[in-house]
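Listed here are the chains, written in short residue letters.
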Amino acid sequence: MADPPGCCSACATCLLCPYSCQWITAKKEKRKGLRTTKYDCSWFLFLFCVFLFTLVWLYFAIIILNDFHNFNEFIFRQRKLWLDWSLVLLIATAVLISYSSMLLVLALCLQLCGQPLKLHWVHKILLILTVLVVAAAFTGLGIKWAEEWKSARISLQATGPFLHIGAVGGMTLLAWPLASFIYRTRSTGLRVFVLLVFCAILIALYLAPLGITSPCIMEENQLPPKPALVGHRGAPMLAPENTLMSLHKAVECDVQVFETDVMVSADGVPFLMHDEELTRTTNVQAVFPERAALNSTAFNWTDLQQLDAGSWFLERRPFPTVQSLSPGDRKEAAEQRIPSLEQILEAAKQSNISIMFDLRPENHSDYQSFVNVTLGVILESGIPQEQVLWLPDGFREDVKQQAPGVQHIYGRKRLENEEPGLHINLPYQDMSSEEIRQYRQDNISVNLYVVNQPWLFSVLWCSGVSSVTTNACQVLKEMKRPIWLLPSSTYFMIWVVVDCVSILIIIWAFVLMKKCSRRGRLAESETDVLLTKINSLMQE
């Protein structure tokens, strides 16, 4: 097996060392007569599959970052430990994908240099462990966070065209070592099998755009208006959630609706709080250590006013943006207290911003009194009723009678033959692009939550959603158009050009490697003739 031109012994040795964990020169390998066996080929195939497996997991890891703050909150409620687990996820994923990528590149280079693919047993064990870790991650995702599979499906509408180009590019690059393998192997059956598999995958990739759909493949003049922004608990990346500061930051981000959660204290004062316990967003463990585990509704308003609702934001840094806060914002954040609903309504009235809220906990025995007390505060505040968006389903008919101007938001899809003008609030995973378009045509307002990443906002924008609830209002505010928008004719042209260029490069690779293979065989033949003559002369 002759080395192709340009592959020196030193290069081959440097490639063999990390892959086979042995300092053996190419000449020594040849003298030992080592070749790539079927067993070695099976391990190379396993390596390639591990690389693809980790690559898919990397894609999922990037996609689920949109919802990872929910995971951080879930872990805190379970373990009382706050950590940005997204960093752990990304670091672990980067290590796995880097390791498998390095081995794959080494293997492909060794193949081009005509060296044996003798994968060391340590690498084999590590590759098996990589598969087990990634499989465990996918299993956990499916059990505990099944809705993220829907997120992945939506993400393909944003990334599908680019994944197609990347896959075609990857297969095109793979043609070089594949051509080297085809011209070097002596097994005709194996050669035909590998070629058939390669061609089948290529044809599938070349035709993949026939099955790729995206709402962002449209003409510029067909783009719907930009969705309105709803601040999820205000602007939680810029201020402590559910505080007056958070509302003011949301107003600065041009948010049209302040979304929050309301609870009622033991003495009947509605206040803002998302969690059933106060431990995550206040210093209740320091002020009332013996009562820290109690439900938020077990505290009276006087007790709640003693709690610090801002310092946790600076200490735990729930979002990376906390590090970039100005000294003035840090001082203001540290001074935040739990606001009452009355205070929030007054601030919303002055800022001309709507307020949408849920009333918790829904299973409380005094829930009807919670509704009545909350409704009383709204009516007494003097805020225009159309600025109040009511989410709770319990006793909704009573609310309609006492405050007919309040807008009602439903956490469900429309019923059959339901009247137009409905307002719907759902997770973004629960509505397809087709449903969003249909609801828009039927004059049904759709708000989807929680949308933080620009790619997701772009897909929903192109689909025609009315508004989105977000933690990242400061990011989405700056978007003047979707990340990408392609007319169908332009996308068709890109598709054809990419496929044609790929075909030409692959043909070139096979022709070039065939020439290199012929030169190698010719040089080897001339060497054999010369050695035969020398041997004959020595015998004479």
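A quick note: this is a predicted structure, and the numbers were derived from the prediction, not measured.

1. Remarks on the pattern of salt bridges
- Under the counting rule described, the total for this entry stands at 22 salt bridges.
- Close ionic contact of D40 with K118 constitutes a salt bridge, the shortest N to O distance being 2.8 Å. Taken as a pair, D40 in helix α3 (residues 38-63) and K118 in the loop between α5 (85-112) and α6 (121-144) lie far apart in primary sequence, 78 residues in all.
- Here D40 falls in the buried class, since its relative accessible area comes to 6%.
- Across the pair D442 and R414 runs a salt bridge whose closest N-O atoms are separated by 2.6 Å.

2. Examining the state of the cysteines
- Taken as a whole and judged by the stated rule, the model has one disulfide.
- Note on cysteine connectivity: C216 is disulfide-linked to C462, with sulfurs 2.3 Å apart. In this structure, the disulfide formed by C216 and C462 twists by about 100° around the S-S bond and is classed as right-handed. Residue C216 is found in the loop between α8 (188-206) and β1 (228-232), and its partner C462 is found in helix α18 (residues 454-463); the two are separated by 246 residues along the sequence.
- Residue C216 is classed as buried on the basis of its relative accessible area of 2%.
- C199 forms no disulfide, and the closest cysteine sulfur to it belongs to C500, at a distance of 16 Å.
- Given a relative accessible area of 38%, C199 falls into the partly exposed group.
- No disulfide involves C473; its sulfur sits 3.1 Å from the nearest other cysteine sulfur, which is in C253.

3. Focus: the packing of aromatic side chains
- One pass over the full model with this rule turns up 19 aromatic pairs.
- For the ring pair F68 and F71, a centre distance of 5.1 Å and an interplane angle of 55° mean the geometry is tilted. Here F71 and F68 lie together in helix α4 (residues 68-79), a separation of three residues that amounts to about one turn.
- Here F68 falls in the buried class, since its relative accessible area comes to 6%.
- Owing to a relative accessible area of 27%, F71 belongs among the partly exposed residues under this scheme.
- A ring pair is formed by F138 and W149, whose centres lie 6.0 Å apart and whose planes are at 20°; its orientation type is stacked. Taken together, the positions of F138 in helix α6 and W149 in helix α7 (residues 148-184) put the pair eleven residues apart, joining distant regions of the chain.
- Grouping aromatic residues by their ring pairs yields a cluster made of F53, W57, F60, F138 and W149.
- Over the face of the ring belonging to W312 we find R280, whose NZ or CZ atom lies 5.9 Å from the ring centre.

4. Let's talk about the environment of A208
- In this fold, A208 is placed in the loop between α8 and β1.
- On the basis of relative accessibility, which here comes to 28%, the residue A208 falls in the partly exposed class.

5. Observations concerning the domain arrangement of the chain
- Here the chain is partitioned into domain 1 (8-119), domain 2 (151-214 + 488-535) and domain 3 (228-275 + 302-478).
- Every contact between the two is made by nine residues of domain 1 and, on the other side, 16 residues of domain 3.
- For the domain 1 and domain 3 pair, buried surface summed over both sides reaches about 1000 Å², with 46% attributable to carbon and sulfur atoms.
- Its largest share of buried area at the contact with domain 3, domain 1 owes to N66, H69 and W82, together 50% of the area lost on that side.
- Taken together, the links from domain 1 to domain 3 amount to two salt bridges.

Rules used in this analysis
- Residues numbered from 1 in each chain as written.
- Predicted model: local features only at pLDDT ≥ 70, side-chain atom pairs only at ≥ 80, totals over all residues.
- Heavy atoms only, no water.
- Salt bridge = Lys/Arg side-chain N within 4 Å of Asp/Glu carboxyl O.
- Helix = DSSP H or I, 4+ residues; strand = E, 2+ residues; numbered from the N terminus.
- Buried < 20%, exposed > 50% of the residue type's maximum accessible area, 1.4 Å probe, protein only.
- Disulfide = S-S within 2.5 Å.
- Phe/Tyr/Trp six-rings, centres within 6.5 Å; stacked < 30°, edge-to-face > 60°.
- Lys NZ or Arg CZ within 6 Å of the ring centre and 35° of its normal.
- Domains from an automatic or database assignment.
- Contact = heavy atoms within 4.5 Å.
- Buried area = accessible area lost by both parts, 1.4 Å probe.

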